[in-house]
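Observations on the three-dimensional arrangement
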Amino acid sequence: MSQPSVGSPANHVTSAPSQPSRYGIQNSPPQGPPAPLNSSVQPGQPSGYGIQNSPPQGPPAPLNSSVQPGPTPPPFNPPSSQTYQPGRQPFGPPPPLRPAAPPTGQLNNAATPPPPAAAKQEVPGAERAHIHNSFDALESGGRNAAQHPPQMGRAVGLSYPSLPPGYQNMAAPPSAPGMQTRSQPYPAGAQSFQQAPLGPAQLGSALGGMSLHQSQPPEALRAINLLQERNLLPQGPVTPPVPCLPQDLQRLNCSPEVFRCTLTNIPQTQSLLNKAKLPLGLLLHPFRDMSQLPVVTSSTIVRCRSCRTYINPFVTFLDQRRWKCNLCYRVNEGRASASQLVHYDGEPHKRPEVKNPTIEFIAPSEYMLRPPQPAVYLFVLDVSHNAVETGYLDTVCQSLLDSLSLLPGDTRTKIGFITFDSTVHFYNLQEGLSQPQMLVVSDIEDIFIPTPDSLLVNLSECKELVQDLLKGLPQMFTRTLETQCALGPALQAAFKLLSPTGGRVSVFQTQLPSVGVGALKSREDPNQRASAKDIPHLTPATDFYKKLALDCSGQQIAVDLFLLSGQYCDLASLACISKYSAGGVHYYPSYHHLHNPAQVEQLQRDLKRYISRKIGFESVMRVRCTKGLSIHTFHGNFFVRSTDLLSLPNINPDSGFAVQMSIEENLVDMQVVSFQAALLYTSSKGERRIRVHTLCLPVVNSMADIFAGADVQAITGLLASMAVDRSVTASLSDARDALVNAAIDSLRAYRSGGLSVQQPGLVAPACLRLLPLYVVALLKQKAFRTGTSTRLDERVFAMCQLKYQPLAYMMLMIHPALYRVDNLTDEGAISIADRTIPQPAILQLSVEKLSRDGSFLMDSGSVLYLWVGRNCAPNFITQVLGVPNYTAIPQTMTQLPELDTAESTRTRAFISWLREQRPFYPILHVIREESPLKASFMQHMVEDRTESALSYYEFLLHLQQQVNK
Amino acid sequence: MAFTFAAFCYMLSLVLCAALIFFVIWQVIAFDELRTDFKNPIDQGNPTRAVRRDRASLCVRVCMRISVCLVVPEYSIHGLFCLMFMCALEWVTLGLNIPLLFYHLWRYFHRPADGSEVMYDPVSMMDADILNYCQKESWCKLGFYLLSFFYYLYSMVYTLVSY
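Looking at an unreviewed UniProt entry, chain B carries the name Protein cornichon-like protein 2, with the source organism given as Huso huso. Taken verbatim from the UniProt record of chain B, the Subcellular location (unreviewed entry) comment is "Membrane".

Checking UniProt for chain A, the heading Sequence similarities (unreviewed entry) contains the comment "Belongs to the SEC23/SEC24 family. SEC24 subfamily."

Within chain A one finds 29 helices and 32 strands. When each of the 965 residues of chain A is scored for burial, the buried share is 63%. Counting contacts in chain A only where the partners sit at least 6 residues apart, residues at least 24 apart contribute 78% of the total. Taken as a whole, chain A presents about 34,500 Å² of accessible surface, with 54% of it coming from carbon and sulfur.

Moving on: the nonpolar core. Residues and elements named next belong to chain A. Counting residues in hydrophobic clusters, the biggest one holds 222 residues, and the most contacted among them are Leu629, Phe675, Phe784, Leu802, Leu857 and Leu881. Counting residues per element, this core draws most heavily on helix H22 (residues 732-754), which supplies 10 residues. Setting aside residues no more than four positions away along its own chain, Phe784 makes contact with Ala720, Ala723, Val724, Ser727, Leu732, Arg736, Leu739, Leu778, Leu779, Arg795, Met799 and Leu802.

It is worth spelling out helix H24 (residues 792-804) of chain A at this point. Taking 1.5 Å as the rise per residue, H24(A) with 13 residues should run 18 Å; its terminal C-alpha atoms sit 19 Å apart, in good agreement. The buried fraction of H24(A) is high, at 13 of 13 residues.

All names here are of chain A. Taken in spatial order, the 3 strands line up as E6-E7-E8 in an open sheet, and their pairing is antiparallel. The sheet is open, and its two edges are formed by strand E6 (316-317) and strand E8 (331-333), each paired on a single side. Where E6 and strand E7 (residues 322-324) come together, 2 bridges link them in antiparallel fashion. Directly across from Phe317, in E7, lies its bridge partner Trp323.

All names here are of chain A. Reading across the sheet, the 4 strands line up as E2-E4-E22-E19 and stay open at both edges, with antiparallel pairing between neighbours. Two strands in the sheet have a free side with no partner beyond their single neighbour: strand E2 (259-261) and strand E19 (629-635). Geometrically, the sheet is characterised by an average inter-axis angle of 25° between neighbouring strands, direction not taken into account. Direction of pairing for E19 relative to strand E22 (residues 657-663): antiparallel, over a ladder of 6 bridges. Of the residues in E22, the one forming a bridge with His635 is Ala658.

All names here are of chain A. Within the secondary structure layout, Arg928 lies in the loop between strand E32 (923-927) and helix H28 (934-938). In terms of polar contacts, Arg928 uses its side chain to reach the backbone carbonyl oxygen of Thr887, at 3.0 Å. For Arg928, the contacting residues outside a window of four places in its chain are Trp867, Val868, Tyr886, Thr887, Ala888, Ile889, Gln891 and Lys934.

Moving on, we get to the pairing of strand E26 (residues 817-820) of chain A. Residue and element names in this part refer to chain A. Side chains Ala817 and Tyr819 project from E26 onto one buried face, and the interleaved Leu818 and Arg820 project onto a second face that is buried too. Here E26 pairs with strand E30 (residues 855-859) via 4 bridges, running antiparallel. Pairing of Tyr819 across the sheet is with Leu857, part of E30. Bridge analysis of E26 against strand E29 (residues 842-843) gives 2 bridges, and the strand direction is antiparallel. Note on E29: the bridge partner recorded for Leu818 is Leu843.

Per the stated rule, a full pass over the model turns up 27 salt bridges over all chains. Of the charged contacts in the structure, one is a salt bridge between Arg288(A) and Glu257(A), with a shortest N-O distance of 3.6 Å. With Arg288(A) in the loop between strand E4 (281-284) and strand E5 (295-297) and Glu257(A) in the loop between helix H8 (247-250) and E2, the pair connects residues that are 31 residues apart, well separated along the chain. Glu137(B) is paired through a salt bridge with Arg107(B); the nearest N and O atoms lie 2.7 Å apart. Placement of Glu137(B) in helix H5 (residues 128-162) and of Arg107(B) in helix H4 (residues 91-109) is noted, with a sequence separation of 30 residues between them. Just as Glu137(B) is buried, Arg107(B) falls in that class too. If you follow the salt bridges from partner to partner, you end up with Asp289(A), Arg609(A), Arg613(A) and Asp654(A) in one network.

Let us look at the confidence of the model for chain A. Residue and element names in this part refer to chain A. Confidence in the prediction for chain A averages 76 pLDDT; 75% of positions are at 70 or higher. Considering only residues more than four positions removed or in separate chains, one finds that residues 1-215, a stretch of pLDDT under 50, has 349 contacts. In the model, residues 336-343 has pLDDT below 50 throughout and makes 12 contacts with residues more than four positions away in sequence or in other chains.

Our focus in this paragraph is the pairing of strand E24 (residues 688-700) of chain A. All names here are of chain A. The buried fraction of E24 is high, at 13 of 13 residues. Pairing of strand E3 (residues 266-267) with E24, which is carried by 2 bridges, proceeds in the parallel orientation. Its bridge partner being in E24, Pro267 is matched across the sheet by Val700. Both strand E9 (residues 358-362) and E24 contribute to a ladder of 5 bridges, which runs antiparallel. If you follow Phe361 over to E24, its bridge partner there is Ile690.

What follows is about the UniProt feature "transmembrane region" (unreviewed entry) in chain B. Per the UniProt record, the feature "transmembrane region" (unreviewed entry) sits at residues 7-29, 77-103 and 142-161 of chain B. Secondary structure content for residues 142-161 of chain B is 100% helix and 0% strand, and the end C-alpha separation is 29 Å.

What follows deals with the packing of helix H21 (residues 712-729) of chain A against helix H25 (residues 807-814) of chain A. All names here are of chain A. Relative orientation of the contacting elements H21 and H25 amounts to 80°, with a least axis distance of 10 Å. Here H25 runs roughly perpendicular to H21, going by the angle between their axes. Contacts from Gln713, Ala714, Thr716, Gly717 and Ala720 in H21 reach Leu807, Met810, Met811 and Ile814 in H25. A per-class count over the contact of H21 with H25 returns 6 nonpolar, 3 polar and no charged.

Once that is clear, we can look at the environment of Cys17(B). All names here are of chain B. Mapped onto the secondary structure, Cys17 falls in helix H1 (residues 5-36). Owing to a relative accessible area of 0%, Cys17 belongs among the buried residues under this scheme. Spatially, the C-alpha atom of Cys17 lies 8.6 Å from that of Ile77, the residues being 60 residues apart in sequence. With residues up to four places along the chain from it excluded, the contact list for Cys17 reads Phe81, Tyr145, Ser148, Phe149 and Tyr152.

Let's shift gears to the side chain of His632(A). If you trace the backbone, His632(A) turns up in strand E19. Accessibility expressed as a relative area gives 4% for His632(A), which makes it buried. There is a polar contact of 2.7 Å between the side chain of His632(A) and the side chain of Thr633(A). A polar atom in the side chain of His632(A) sits 3.0 Å from the side chain of Asp129(B).

The rules behind these values
Residues numbered from 1 in each chain as written. Chains lettered and ligands numbered in written order. Predicted model: local features only at pLDDT ≥ 70, side-chain atom pairs only at ≥ 80, totals over all residues. Heavy atoms only, no water. UniProt positions renumbered as here; feature names shortened; annotations may be inferred. Helix = DSSP H or I, 4+ residues; strand = E, 2+ residues; numbered from the N terminus. Buried < 20%, exposed > 50% of the residue type's maximum accessible area, 1.4 Å probe, protein only. Contact = heavy atoms within 4.5 Å. Areas by Shrake-Rupley, 256 points an atom, 1.4 Å probe, with all protein chains shown as cover. Core = buried A, V, L, I, M, F, W, Y, C linked by side-chain atoms within 4.5 Å. Expected span 1.5 Å × (residues − 1). Pairing = 2+ DSSP bridges. Axes fitted to C-alpha atoms, helices over the stretch in contact; angles between N-to-C directions. Polar contact = N/O pair within 3.5 Å; in protein donor to acceptor, adjacent residues only side chain to side chain. Salt bridge = Lys/Arg side-chain N within 4 Å of Asp/Glu carboxyl O. pLDDT = per-residue confidence, 0-100. Parallel < 35°, antiparallel > 145°, perpendicular 65-115°, else oblique. Nonpolar A, V, L, I, M, F, W, Y, C, P; charged D, E, K, R; others polar.

See the structure below:
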């Protein structure tokens, strides 16, 4: 399909050719002192690059210290700001969100919404509204109190040449106070802004209701000269901005972990959005594991009669009976049926649907096309010579054997197995057989199912046979000499087997499919891996897998692909089978049961999660939005069945979606817009359920407000998805240019539209200060990097991950977190379930931050690296790693010994806390300075220069040149 | 009054042009169906009709139908026009049709790169950009074919009476 080159409204990844630029490091000094705009707020601002000898100027900024005083209400904050006024600047001083930092004891439930029963009271409700930031504010509050160890920011860089001059000048003193001042996450920042002492003039202007441009801009809009400010990373995780809604609405809003918008202030018109040059879109994680989820059982589900929106907290009740839909503005009558009236109970406001932004309905029979399908699992295993060599069969069969009882399902659960080499083997597991019976179909050109009834069997009835098979399977093929691999026919067989019911197919594949339909040829030229030019073969070689995936999607079958291969497997073609059937792709490069024990452990852990995680069958997801907005493009693994409907044969808790939006009609008369994602699925217990998430966002009409609400992580996530599309439809270099242009355009738009006082340097609003960093990290990501040797499969896999991972994990993949762990202390630690978890600061990803006498933990989402410096304190090596000295650290070490020392306990507590935050267990690699894995550790140092890519500072200079042009 | 080869060409192309117009109208309707079918699932009588209707493969079906039944015949018929006008030495008419011929060739060789014969890829069809583009394309073609229909009519009469 030819991609039309018409610039789409919401698509700001433009493909303008990249202008030639001078990448040489300019030695021009930072131009002038930091901008005077905010000088009253931040007297202690360190001036960034090149101030080697200047001591920290003055006391820490009041910005920081003002958090501590607690509940003092800001003098200029009138109580009327609680009610939403249309004419008001939406980001004006928000009402006092949280009177004081909550005490430490409440941390346990900080991450989970309070039970719905408690939602009635005011106080827990208010607390829930700030779930995502209360935790963080507490964290940073604790940190502020804590003394930073003096060696925190020790500059190294002696043995690491090629740092730009500005960076080498960085000395220890400015960095530590810099961290202090920058430690405010955004939402808390807005609060602290109110509480900052204001001069009489500013107070007067604020009271007089003058435009915000004349008074202080809110924290999110504070102009930052990126070239001068070095320490941009917040200490804790980056928190999403809070929409400036009236408090009672915001309290009911959907959690940002589930539903995030790139712009939390929606522009009023498309032209305004075009001017801001920021992408508008949603990032969804609809089937996230939730500890507290209100479930409603009802024979009728109240929905808008015209647009079919589910009733949600943001509808308007006109009286006891009638409500106005917040998406299409139709007035609905509440009186529908007797059962509904009972449910209403005279008080529509008390309904759980109206109290919770995320809710699950148990759907009545009208929501079924057919009786809910049973949970059906089919495993398709490669047993060719190559597969047996890698020894994965043992691991998979053993994991399955161990977790068989964890497979979600009920008494109807069915299971089946297919193996294949150059032929396809089925296993008859019919009840009554003494042992599994293998049926070989060698006619792979015209595959058929030998005994359709007995290949998929009821798990509870035939458990012994299944266990026998799993025990015997690894031995059955040990001496196979068959090297061919007929993946296509095996998939066709799986499709035929599951067609009547639907279900999940898990394919384990170890080599390029070579015979039958869907056979592929090697397309990768190893010499081109490091090419700085365009990367070919990112598109599928055949449409067989796509067509089969569409057939599967029609029959409610999802295909999950596990690729364990050292050689090129053409993932670009194979991944289509999962992409369009809403499956997932897992890739274990150079898997071998002996040579690569870390991968074996990874596979075991992943399989455990994969087998036991929740699953929804035959599902569809519809995303609705307020009239005037429309959906432009979806990103993720699914098949789009209509403009707003995704067909998802399976849904799992680890898949995320992105939606690009555009504004079709001006949203002039509206103060808020709403988005609703409704996921209809069959649970593994055979219940039809609907999970509904609703998000409500304010509409604004000025550039400054749009920038104030920009969510930099969501923007990065959406840009990454768009860039993946671009590199497949156009080319990789096109996608890279588009990423750079996106950063340039948005900063330029801010400079021309959002900034009131022109400043020298590269100016970004505080909420977008991380955008250039994330863009440079994306350019160095496996998916988009050029010049560095990258295997095609790994690149394609990274692209797949960028498309379907939920945002939180995707961000770690793009910009890993680096912690110093050899001096963990309990100061500022949080405690969860009797464990004390230290909270070290997140460091910049630069070699400069590493030090030979420390050890550092890098968390890149799916892998953890523990880098131990050569001169690391012997204390750490003996007490945590359990080896006598540095040289005794083994080459491959993936476990920390359980030592009974305080250091070991702290380190392990921290690592296990990190691991608990994500679904798939990340493997820990302990690496020394000369380990072979060092290269993969160093490739994440995105702020440094490599032979083929700019350093962060050089990239900023390049941006500056383009922006100021 | 003479019945020349050119006149025959024009007569044939008149008939075929009517067929083309029919094809394009069909395409316009199909794209419109794709775009709007699900936007208004208003059925007051049955609140769950939106869920019930079996539309699982509609997009796939429509794309396949357009690609196989409409586009390939359309392109070949238009190619035949150009060939006929070249043989009949009707350079002006040929010149009018050449841009569209090149556009069709370009379209044909820039299909999805995975070797399928499907001109409209069902998996990317629902992308707002692509759907908009396809809709616009079919409207433009409809206009072009309508104009050329009258032009062929005029030319036919002209060639018939001029000799």
